[in-house]
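Architecture at a glance
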Amino acid sequence: MFEHTKAFSGFSADDIPAARKFYGETLGIPVSEEHGILTLHIAGGRDTIIYPKPGHVPATFTILNFPVPDIEAAVDTLTARGVEFEHYDFVDPKGINRQGGPLIAWFKDPAGNVLSVIQMG
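Let me sum up the structure you'll find in this document. (Residues numbered from 1 in each chain as written. Predicted model: local features only at pLDDT ≥ 70, side-chain atom pairs only at ≥ 80, totals over all residues. Heavy atoms only, no water.)

1. Quick notes on the side chain of histidine 56
- Position of histidine 56 among the secondary structure elements: in the loop between β4 (48-52) and β5 (62-68).
- Judged by its relative accessible area of 10%, histidine 56 falls in the buried class.
- Here the side chain of histidine 56 touches alanine 111 through a polar contact of 3.2 Å, landing on its backbone oxygen.
- Excluding its chain neighbours within four sequence positions, the residues that come into contact with histidine 56 are Ser12, Ala13, Asp14, Ala111 and Asn113. (Helix = DSSP H or I, 4+ residues; strand = E, 2+ residues; numbered from the N terminus. Buried < 20%, exposed > 50% of the residue type's maximum accessible area, 1.4 Å probe, protein only. Polar contact = N/O pair within 3.5 Å; in protein donor to acceptor, adjacent residues only side chain to side chain. Contact = heavy atoms within 4.5 Å.)

2. What about the sheet that holds strand β2 (residues 31-34)?
- Judged by pairing direction, the sheet is mixed, and its 4 strands sit side by side in the order β1-β4-β3-β2 without closing on themselves. Edge positions in the open sheet fall to β1 (9-13) and β2, since each of these has one partner strand only. Between one strand axis and the next, the sheet turns by 25° as a mean value, whatever way the strands run.
- For β1 and β4, the ladder comprises 5 bridges, and the chain directions are parallel. Within the sheet, the bridge partner assigned to alanine 13 lies in β4 and is proline 52. (Pairing = 2+ DSSP bridges. Axes fitted to C-alpha atoms, helices over the stretch in contact; angles between N-to-C directions.)

3. Structural notes on the pattern of salt bridges
- The full count for this structure, using the stated rule, is 6 salt bridges.
- Put simply, glutamate 72 and lysine 94 hold a salt bridge, and the shortest N to O gap is 2.8 Å. Taken together, the positions of glutamate 72 in helix α2 (residues 71-80) and lysine 94 in the loop between α2 and β6 (96-97) put the pair 22 residues apart, joining distant regions of the chain.
- Exposure remark for lysine 94: the relative accessible area of 31% places this residue in the partly exposed category.
- Linking glutamate 72 and arginine 98 is a salt bridge whose minimum nitrogen-to-oxygen distance equals 2.2 Å. Within this pair, whereas glutamate 72 is found in helix α2, its partner arginine 98 is found in the loop between β6 and β7 (103-108), the two being separated by 26 residues in sequence.
- Here the salt bridges share partners, and the residues they tie into one network are Glu72, Asp76, Asp92, Lys94 and Arg98. (Salt bridge = Lys/Arg side-chain N within 4 Å of Asp/Glu carboxyl O.)

4. A closer look at the layout of surface pockets
- The space that makes up the largest pocket amounts to roughly 390 Å³.
- Along the walls of the largest pocket sit 17 residues, with Leu27, Ile29, Phe66, Pro67 and Val68 positioned nearest its centre.
- Among the secondary structure elements, those contributing two or more residues to the lining of the largest pocket are β5 and α2.
- Broken down by element, the residue count for the lining of the largest pocket peaks at 5 residues, all from β5.
- Its residues placed into classes, the lining of the largest pocket shows 13 nonpolar, 3 polar and 1 charged. (1 Å grid on protein atoms, 1.4 Å probe; cavity = no way out; pocket = protein on both sides within 12 Å on 5 of 7 lines; lining within 4 Å. Points joined across faces, edges and corners; volume = space filled by probe spheres on them. Nonpolar A, V, L, I, M, F, W, Y, C, P; charged D, E, K, R; others polar.)

5. Topic: the nonpolar core
- Within the largest apolar cluster, 28 residues are counted, with the highest numbers of intra-cluster contacts made by Tyr23, Leu27, Ile50, Phe107, Leu115 and Val117.
- Counting residues in each nonpolar core, the second largest holds 5 residues, with Val91, Ile104, Trp106 and Val114 among its members. (Core = buried A, V, L, I, M, F, W, Y, C linked by side-chain atoms within 4.5 Å.)

6. Here we look at helix α1 (residues 16-26)
- Taken together, the buried positions of α1 are occupied by Ile16, Ala19, Phe22, Tyr23 and Thr26. Down the axis of α1, the smallest arc covering the buried residues is 155°, so these residues share one side. Turned more than 90 degrees away from the buried face of α1 sit Pro17, Lys21 and Glu25, all of them exposed.
- Where α1 starts, the residue carrying a side-chain oxygen 3.1 Å from the main-chain nitrogen of alanine 18 turns out to be aspartate 15. (Arc of directions from axis to C-beta.)

In structure tokens form, the structure reads like this:
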């Protein structure tokens, strides 16, 4: 039934203008907005939507991962743009997990949803 449909993902936020500024300006993702729904035009042709939700509760898990070739450079660039990385007890001072698996660092969007930069390969 769905083998030919081009599925897409979405998540909620409580402040679409703040999300637009964060994703569009801070992260540099092309965005558009229609009928109050923000669309992130992510590389690879798989748009992601952010829809307004009164009473939004942030996800407690990673909802969006951004693969990068150099996690050090990505963390430094995002930190310079005002992004604050999560500092769990298993990450280094920059917020990068180096304890097995891919190098990964987590941060939150203005709605409190968890995102990550991840160095694959």
